[in-house]
Amino acid sequence: MEQAFLYDEIGKNEKLVTTLRRVCRSLQKEVRSILSFFDLFRFCRYLASIDTIKEKQNTTRNERGINRLVSQRFGSNASPSKKNILNLSDHKLSPTEEFVLSHGLNFCLPPTTVKNEEVFAELEVLLGQLKHHEPKSDEGIPALKARLSDLAHSYCGCPVDKADFLMNKECFLAIKALRSNPEIHITKPDKGSGVVILNKADYISKMESILHDKTKFISLGSVSEFDNTPKIERRLTNRLLTLKKNGVLTAETYSAIRPTGSQRPRMYGLPKTHKDNVPVRPILSMIGSAHHQLAKWLIDILEPVRELYGTECVRDSFTFAGEIRNLDLPNPDVFLSSFDISSLFTNVPLHETIDICANALYGGKLPPPSIPRNVFVELLQAATCCVEFSFNEVMFRQIDGLAMGSPLGPILANIFVGYYEGELLSQRESAKPLLYRRYVDDTFVIFRNESECDQFLIRLNSLHPALQFTIEKERNNSLSFLDVLVEKRNTNKFETSVFRKPTFTGQYLRWNSFSPRRRKINLIGTLVHRALMICSG
């Protein structure tokens, strides 16, 4: 509708310009017949100066009006900031490429065409998911099918409305050029949002330096020769089928964890922009792999073990902020510190952690699960030690440590750390902290004084060779933990507020992204909810 009004207004202005040109030519002939050559020359210079002034005034007024209209529709931040782009490559970005990347990697582009086959396939999947519901009448299912078919045809017939979309053809060409550039690698940072551009050679070199650690990974060979995804799926399916026939697994469990149409896991790295030389954190994408459903099923079995060894863990930053605000201290002169475990996931000893889990489940501490111990250990090893993945068209197998991105990574890391920290905190010593709370590899601790903190760090680093802690002490009576800033006052209470890291860019989903409106509104709601839950009243 807006486009129709704009085209109508443009047509009216074009007709007006044609009329004015006709009048201008008539007046020009009349002036030439009255004035001499020199007077005509001076008169034309005078008109040109007035025209230049008027053009500048009209341009300024029109730009102000356009910016006001854009601000009303897309917000005051209509021109994206380029501070969220970190270019570490040799490629120099053009102004158009900077404009495109400044929108962020979560910015959704409108589809050029709607693929009818994909729309109909998705609605067929939806219909299959609704079949377990009982219809109110015999006409319910046919009516539903007719309604879904009507919606599919209506959706496929609707043109894509790009009226609110700011990018033009030049922007799409810039996106295509960046995507096809073999010399650069574009990704997001490890912490926060934004865009990081690396030289492809540097990115591969940093990842290979991690994957060439023979104590953690084994290089198998090229993907074309050593991609055994179908064999791994078939071997795991046969083993699960045998366990089902022997009565170890129920039919429901077998159907839930049996792999079908498995995809090869892939490793990628996220640059740690807050550290020197920008190292990368390896992330393993296991979604759709042969062991993904098995790993998710094992999490439910391991949950009691996590609760047993996770008494000092916090669920999220909201829980932590509430506990800190309600904490009663013996005196306000306490010392705040936080400990971070260096490279926790890759250093967790897998076989030792599996033994810890099995001993807790089958050693009398917890009610044992329905499967025998040897089957539990076998399946847990299959979902962790036997995962083969690819990077840069080369196959690898992880033989020790945990992979970030695996469903089992966080819970096994929590169990391993919780097991040893439980032994430490159960000791009766005078240097025990006033408060000890941990979230995976980050720990927030309150001591009576700084000397107790230094002694506790020595004890932490002596727990296990795989656990090496670094420390951050309070500054100006405040310390951050997760996204919470804890501040000491002259009372026995703490104040909390939302904490932003120095690398925070403030970039979220832009309003003119081709995304559902509900998603954009809910994003605002989550930010407001976080502020209300974390900040002191």
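Our subject is the structure listed above.
First, a word on scope: everything that follows refers to the structure included in this document. Here the structure is a predicted model, which is why all the values come from computation and not from measurement.

Things to note about the sheet that holds strand E7 (residues 335-341)
Each strand in a sheet pairs with its neighbour through backbone hydrogen bonds, running either in the same direction (parallel) or in the opposite one (antiparallel). A sheet is described by the order of its strands in space; here 4 strands give the open sequence E10-E11-E7-E12, paired in antiparallel fashion. Single-partner strands in this sheet number two, and they are strand E10 (435-439) and strand E12 (469-473). Neighbour-to-neighbour, the strand axes of the sheet open up by a mean angle of 20 degrees, direction not taken into account. Sheet topology note: the E7/E12 ladder contains 5 bridges and is antiparallel.

A word on the nonpolar core
Buried together is how nonpolar side chains tend to be arranged in soluble globular proteins. Trp297, Leu298, Leu302, Phe339, Leu344, Phe376 and Leu408 are the most contacted members of the largest nonpolar core, which has 58 residues in total. With 9 residues, helix H16 (residues 409-425) is the single largest residue contributor to this core. Excluding residues within four positions of it along the chain, leucine 344 makes contact with Ala413, Val417, Val440, Asp441 and Leu467. Within the second largest apolar cluster, 17 residues are counted, among which are Ala321, Ile324, Phe481 and Val484.

Thoughts on the sheet that holds strand E3 (residues 195-199)
Taken in spatial order, the 3 strands line up as E1-E3-E2 in an open sheet, and their pairing is mixed. A strand with exactly one partner marks an edge of an open sheet, and here the two such strands are strand E1 (85-87) and strand E2 (184-187). Going across the sheet, the axis of each strand differs from the next one's by a mean of 15 degrees, ignoring polarity. Of the strand pairs in this sheet, E2 and E3 are connected by 4 bridges, and their pairing is antiparallel.

Comments concerning the environment of aspartate 39
Note on placement: aspartate 39 falls in helix H2 (residues 37-74). A distance of 3.1 Å separates the side chain of aspartate 39 from the side chain of serine 36, its partner in a polar contact.

So, the packing of helix H11 (residues 292-308) against helix H14 (residues 350-362)
Close contact between H11 and H14 brings their axes to 10 Å; oriented N to C, the two are set at 95 degrees. When the axes of H11 and H14 are compared, the pair comes out roughly perpendicular. Across the interface between the two elements, Ile301, Leu302, Val305 and Leu308 from H11 touch Cys357, Ala360 and Leu361 from H14. Of the residues belonging to the contact of H11 with H14, the class tally is 7 nonpolar, no polar and no charged.

Each value, and the rule that gives it
- Residues numbered from 1 in each chain as written.
- Predicted model: local features only at pLDDT ≥ 70, side-chain atom pairs only at ≥ 80, totals over all residues.
- Heavy atoms only, no water.
- Pairing = 2+ DSSP bridges.
- Helix = DSSP H or I, 4+ residues; strand = E, 2+ residues; numbered from the N terminus.
- Axes fitted to C-alpha atoms, helices over the stretch in contact; angles between N-to-C directions.
- Core = buried A, V, L, I, M, F, W, Y, C linked by side-chain atoms within 4.5 Å.
- Buried < 20%, exposed > 50% of the residue type's maximum accessible area, 1.4 Å probe, protein only.
- Contact = heavy atoms within 4.5 Å.
- Polar contact = N/O pair within 3.5 Å; in protein donor to acceptor, adjacent residues only side chain to side chain.
- Parallel < 35°, antiparallel > 145°, perpendicular 65-115°, else oblique.
- Nonpolar A, V, L, I, M, F, W, Y, C, P; charged D, E, K, R; others polar.

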